[in-house]
Amino acid sequence: MESRCENCIIRQFNSLRAMSKEELKQVSDTKTTKIIKKGESLFAEGDKLNGVYCVRNGVSKLSKLSANGKDQIVKLASKGEVLGQRSVISQEITNLSAVAVNDMEVCFIPKDAITNTLQKNPNFTLEVLRHMAHDLKEADDVIVNISQKTVKQRMAEAFLYLQNNFGEDTDGFLALTLSREDISNVVGTATESAIRIISEFKKKGLIHTSGKKIGIKDERKLLEVVEGF
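Predicted model, so just to flag it, every value in this text is computed and none were measured.

Enquirer: Got a sec to walk through the sheet that holds strand 6 (residues 82–83)? Specific residues and values, please.
Expert: Taking strand neighbours across the sheet as the criterion, the four strands line up as 1-8-3-6 in an open arrangement whose pairing is antiparallel. Every other strand in the sheet has two partners, leaving strand 1 (32–36) and strand 6 as the edge strands with one partner each. Alignment of strand 1 against strand 8 (residues 104–110), held across five bridges, turns out to be antiparallel. Each bridged residue has a counterpart across the sheet, and for Lys-34 the counterpart in strand 8 is Val-106. The strands touched by helix 3 (residues 111–120) are strand 3 (51–57) and strand 8; relative to strand 8, the strand with the most contacts, the crossing angle is about 60°.

Right under this line is the structure:
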């Protein structure tokens, strides 16, 4: 199961691709590979992290607990994403919690391997900045969406996002199955509202469901909902 960072294609998706052979070797020598089961936590909001997690397989939900005790899912992180980077670099406690949505394989990289490289390799520093800038842009979009779009628009958008980013299974359902609660936490609404809108979308022939699974039936109509028609 242990694989060397030098030979790992996953790193092409993240800032590790800017590391030199020697730096990658240092990361490889110090990292540990972990299996995180569905529902298990990688880290909780307010933790102090001693390193970052590079996702080899599976999906994690990154969320923040609001004052009313509800989770807001800010991001679904999959293969190639590095989790905990911001916290490790800023030497602050984590602002989000990370929980496995399905079984995950992650590589834990101790923070020294990251901070040492940041100080010596400007290309790596630039890559890290690029990824953080991208995360900030995504966070801006989330804020605008929640404040300016209706719950129905956000719900339609969430299904299209899941289709575009995680694909469909052989039966035409979204490959990433989220619980109704998780869907409501992505959209930023009460679970009851999410359930109500799902059955409304189903009645209108926009989606089809089977147990927890949801599939897109009419992509064009869903897009119209997103656009506010």
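Enquirer: So what about the UniProt feature "domain: Cyclic nucleotide-binding" (unreviewed entry) in the chain? Which residues, and what values?
Expert: UniProt's entry tags residues 15–135 with the feature "domain: Cyclic nucleotide-binding" (unreviewed entry), counted in the numbering of this structure. Counted over residues 15–135, helix gives 33% and strand 34%. Its end C-alpha atoms are 13 Å apart.

Enquirer: Quick one: what's the story with the environment of Lys-48, residue by residue and with numbers?
Expert: The residue Lys-48 is located in the loop between strand 2 (41–43) and strand 3 in this model. Once the C-alpha coordinates of Lys-48 and Val-99 are considered, the two residues, 51 residues apart in sequence, prove to be 16 Å apart.

Enquirer: Pulling in residues and values, what's your account of the packing of aromatic side chains?
Expert: This structure, assessed with the given rule, holds four aromatic pairs. With 6.4 Å between their ring centres and 75° between their planes, Tyr-161 and Phe-166 make a pair best called edge-to-face. The exposure class assigned to Phe-166 is buried, which follows from its relative accessible area of 18%. Through a chain of ring-to-ring contacts, three or more aromatic side chains come together here, namely Phe-43, Tyr-53 and Phe-108. The ring of Phe-108 has Lys-34 sitting right over it, with the charged end atom 4.9 Å from the ring centre.

Enquirer: Provide a residue-level description of the packing of helix 5 (residues 151–166) against helix 8 (residues 219–227), including the pertinent values.
Expert: Interaxial distance between helix 5 and helix 8 falls to 8 Å at its minimum, and their mutual angle equals 135°. One element, helix 5, and the other, helix 8, form an angle in the oblique class. Classified by chirality, the crossing of helix 8 by helix 5 is left-handed. Taking contact as the criterion, the partners of Lys-152, Gln-153, Ala-156, Glu-157, Phe-159, Leu-160 and Gln-163 in helix 5 are, on helix 8, Glu-219, Leu-222, Leu-223, Val-225, Val-226 and Glu-227. Grouping the amino acids of the contact of helix 5 with helix 8 by side-chain chemistry returns seven nonpolar, two polar and four charged.

Enquirer: Now, about the sheet that holds strand 7 (residues 97–100): what can you tell me, with residues and values included?
Expert: Strand pairing in a sheet relies on backbone hydrogen bonds, with the paired strands running either antiparallel or parallel. Reading across from one edge, 2-7-4-5 is the order of the four strands in this open sheet, with antiparallel pairing throughout. Unpaired on one side and paired on the other, strand 2 and strand 5 (71–77) mark the two borders of the sheet. The sheet shows a mean angle of 30° between the axes of neighbouring strands, taken without regard to direction. Sheet topology note: the strand 4 (residues 60–65)/strand 5 ladder contains six bridges and is antiparallel. Residue pairing for strand 5: Leu-65 is matched across the bridge by Asp-71.

Cut-offs applied
Residues numbered from 1 in each chain as written. Predicted model: local features only at pLDDT ≥ 70, side-chain atom pairs only at ≥ 80, totals over all residues. Heavy atoms only, no water. Pairing = 2+ DSSP bridges. Helix = DSSP H or I, 4+ residues; strand = E, 2+ residues; numbered from the N terminus. Contact = heavy atoms within 4.5 Å. Axes fitted to C-alpha atoms, helices over the stretch in contact; angles between N-to-C directions. UniProt positions renumbered as here; feature names shortened; annotations may be inferred. Phe/Tyr/Trp six-rings, centres within 6.5 Å; stacked < 30°, edge-to-face > 60°. Buried < 20%, exposed > 50% of the residue type's maximum accessible area, 1.4 Å probe, protein only. Lys NZ or Arg CZ within 6 Å of the ring centre and 35° of its normal. Parallel < 35°, antiparallel > 145°, perpendicular 65-115°, else oblique. Left-handed = near helix turned anticlockwise from the far one by under 90°. Nonpolar A, V, L, I, M, F, W, Y, C, P; charged D, E, K, R; others polar.

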